[in-house]
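Inside the fold
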Amino acid sequence: MESSEVGAYWEGNASAWIELSRAGYDIYRDALNTPAFLAMLPDVDGLSGLDLGCGEGTNTRQLAQRGARMIGVDIAPTFISAARASETADPLGIAFQIEDATDLSFPNDRFDFVTAFMSLMDMPDQSKALVEAHRVLTPEGFLQFSILHPCFIPPTRKTLRNADGMAYAVELSDYFRRTEGEVETWHFSTASGRKLDAHPPFKVPRFHRTLADWIAMIGAAGFFLEALEEPMADDETVRKYPKLSTTRVTPIFLHFRLRKRGTAPLHPR
Ligand SMILES: C[S@@+](CC[C@H](N)C(=O)[O-])C[C@H]1O[C@@H](n2cnc3c(N)ncnc32)[C@H](O)[C@@H]1O
């Protein structure tokens, strides 16, 4: 599957995604994944950053609020329009533009850091996206990105929950079956009733790779691994959002921070 075809699926998802995520239905992102990503992020105040697959721009805005000079790019025009509308309403100095992250228009060494929140795994040619991120980074620059955890969200997974909705186990299979755009159909799990009726489910092409594939692609692009995190919801978050109990059975997200130059050791926990 080509990037353009993937982009067409995301364009089809965009209006529902924008409405539901901005209404707070993406609890995995808002209550766990983005806070964990930002906790892991080095100080970006005064740095120039690029956010790949920025969607409607909520996460890009959080980077700008930390003092970074941001450009957000996405392949789906409706996401970029929504991100620009937020920027117009409440300016943070962010430029949003339509770009394919596997074929960027920016010159070499343009950015101090690059981020990708849950977008690289949605690209058919993840190697190329990593090579492009490496190319546009300054020599001391870093790439931080989050993906679905390749070990625990393989193509087939079933979460087992008790009567209170608490997850206690998962069934996994097909870990070694790389997928090339198999379309998964789903909703934000907290959307229900009228919200679900108002929107068709999302259709997301998947490009599953194993953990070893990711490590190989990272090395081949020229990066060194600087930090790795597997976010888990704390007690309070699980009390508030029982769905997130699944992240205490196994991690479902994996966060990487990579450097062009391997000067720093893996950070201590
Ligand atoms: C799961 S959404 C994440 C959006 C946003 N980063 C967030 O965390 O809310 C994945 C995003 O990646 C974008 N995307 C997929 N392939 C892309 C590509 N080749 N170049 C740029 N963006 C892409 C999609 O349009 C979508 O907005």
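Given the structure is predicted, the values throughout are model-derived calculations rather than measurements.

Calculation rules
One numbering rule holds for all chains: residues counted from 1, following each sequence as written. Reporting of local features is limited, given that this is a predicted model, to residues whose pLDDT is at least 70; pairs of side-chain atoms are given and counted only at 80 or more, and all residues count toward the totals for whole chains, interfaces and linings. Based on all heavy atoms of the structure, the side-chain values leave hydrogens and waters out of the count. Criterion used throughout: strands pair if DSSP finds at least two bridges between them. Each helix corresponds to a stretch of at least 4 residues labelled H or I by DSSP, and each strand to a stretch of at least 2 residues labelled E; elements are numbered beginning at the N terminus. For every element, the axis is a line fit to its C-alpha atoms; helices are fit only across the contacting stretch, and the angle between N-to-C directions ranges from 0 to 180 degrees. Whether two residues touch is decided by their heavy atoms; if any such pair falls within 4.5 Å, the residues are in contact. Any residue under 20% of the maximum accessible area for its type is buried, any over 50% is exposed, and the rest in between are partly exposed; the area is computed with a 1.4 Å probe on protein chains only. Put simply, two rings from Phe, Tyr or Trp (the six-membered ring, in Trp's case) pair if the centres are within 6.5 Å, and we call them stacked under 30 degrees between planes, edge-to-face over 60, tilted for the rest. For a lysine, the NZ atom is tested; for an arginine, the CZ atom; a charge sits over a ring if that atom is within 6 Å of the ring centre and within 35 degrees of the ring normal. One fewer than the residue count of a helix, multiplied by 1.5 Å, yields its expected span. Note on bend: the value at a residue is the angle between axes fitted to the seven residues ending there and to the seven starting there. Joining through side-chain atoms within 4.5 Å is the link that ties buried Ala, Val, Leu, Ile, Met, Phe, Trp, Tyr and Cys residues into a set, and such a set is a nonpolar core. Seen with the strands pointing away from the viewer, any crossover whose path from the first strand over the helix to the second strand runs clockwise is right-handed. Neighbouring residues are identified by heavy atoms, a residue being near a molecule or strand if any of them is within 4 Å of it. Throughout this description, a polar contact denotes any pair of N or O atoms lying within 3.5 Å of each other; where both atoms belong to protein, one of them has to be capable of donating a hydrogen while the other can accept it, and for residues adjacent in sequence the pair is counted only when both atoms sit in side chains. Put simply, Ala, Val, Leu, Ile, Met, Phe, Trp, Tyr, Cys and Pro go in the nonpolar bin, Asp, Glu, Lys and Arg in the charged bin, and everything else, Gly too, in the polar bin. By construction, the arc corresponds to the directions joining the helix axis to the C-beta atoms.

**Examining the sheet that holds strand E5 (residues 137-148)**
Across the sheet, seven strands lie side by side as E3-E2-E1-E4-E5-E11-E10; this open sheet has mixed pairing. Looking at which strands have only one partner, the edges of the open sheet turn out to be strand E3 (95-98) and strand E10 (224-229). Averaged over all adjacent pairs, the angle separating strand axes in this sheet is 20°, with direction ignored. Across three bridges, strand E1 (residues 48-52) lies against strand E4 (residues 111-117) in parallel orientation. Looking across to E4, one finds that glycine 49 is bridged to phenylalanine 113. Helix H2 (residues 27-40) contacts E4, E5, E10 and strand E11 (253-259) of the sheet and is inclined by roughly 25° relative to E11.

**Section: the environment of glycine 24**
If you trace the backbone, glycine 24 turns up in the loop between helix H1 (3-22) and H2. The partly exposed category is assigned to glycine 24, whose relative accessible area is 35%.

**Things to note about the packing of aromatic side chains**
One pass over the structure, following the stated rule, counts 15 aromatic pairs. When the ring of phenylalanine 145 is compared with that of phenylalanine 256, the centres are 4.7 Å apart and the planes differ by 20°; the resulting orientation is stacked. You can see phenylalanine 145 sitting in strand E5 and its partner phenylalanine 256 sitting in strand E11, a full 111 residues away along the chain. Residues phenylalanine 145 and phenylalanine 256 agree in their burial class; the two are buried. Here the aromatic cluster, defined as three or more aromatic residues joined through ring pairs, consists of Trp10, Trp17, Phe79, Trp186, Phe188 and Phe202. Between arginine 110 and the ring centre of phenylalanine 111, over which it is positioned, the NZ or CZ distance is 4.5 Å.

**Structural notes on H2**
In a regular helix each residue adds 1.5 Å, so 14 residues correspond to 20 Å; H2 covers 19 Å between its end C-alpha atoms and thus fits that length. Where H2 bends most, the angle comes to about 40°, and this point is asparagine 33, followed within four residues by the proline proline 35. Ile27, Tyr28, Arg29, Leu32, Asn33, Thr34, Phe37, Leu38 and Met40 are the residues of H2 that are buried.

**Remarks on the nonpolar core**
In this structure, Leu50, Leu52, Leu120, Leu130 and Phe145 are the most contacted members of the largest nonpolar core, which totals 39 residues. For this core, the elements supplying multiple residues, two or more each, are H2, E1, strand E2 (69-74), E4, helix H5 (126-136), E5, helix H7 (211-221) and E11. Here leucine 50 is in contact with Met70, Ile71, Val73, Leu104, Phe106, Phe111, Phe113, Val114, Thr115 and Val136, once residues within four sequence places are set aside. Membership of the second largest hydrophobic core comes to 16 residues, among which are Leu38, Cys54, Ala64 and Ala68.

**Some words on the pairing of E4**
Along E4, six of the seven residues are buried, which leaves the element largely enclosed by surrounding structure. Relative to E5, E4 runs parallel, the two sharing six bridges. Bridge pairing in E5 links alanine 116 to phenylalanine 145. With H5 bridging E4 and the parallel E5, this β-α-β connection has right-handed handedness.

**Things to note about the site of the ligand**
Near the ligand you find 20 residues, and of these Gly53, Asp74, Asp100, Ala101 and Phe117 are the closest. Arginine 29 places a side-chain nitrogen or oxygen 3.0 Å from an oxygen atom of the ligand. In the model, a nitrogen atom of the ligand is placed 2.9 Å from a nitrogen or oxygen of the aspartate 100 side chain. The element that contributes the greatest number of residues to the shell around the ligand is H1, accounting for three residues. A breakdown of the residues in the shell around the ligand according to their chemical character gives 10 nonpolar, five polar and five charged.

**Focus on H7**
Residues of H7 that are buried: Asp213, Trp214, Met217, Ile218 and Ala221. On an axial view of H7, the arc spanned by its buried residues comes to 135°, and they lie on one face. Of the exposed residues in H7, those oriented more than 90 degrees away from the buried face are Ala212 and Ala220. Where H7 is buried, its residues meet H5, E5 and E11. Glycine 222 sits one or two positions beyond H7 and adopts a positive phi of about 105°.

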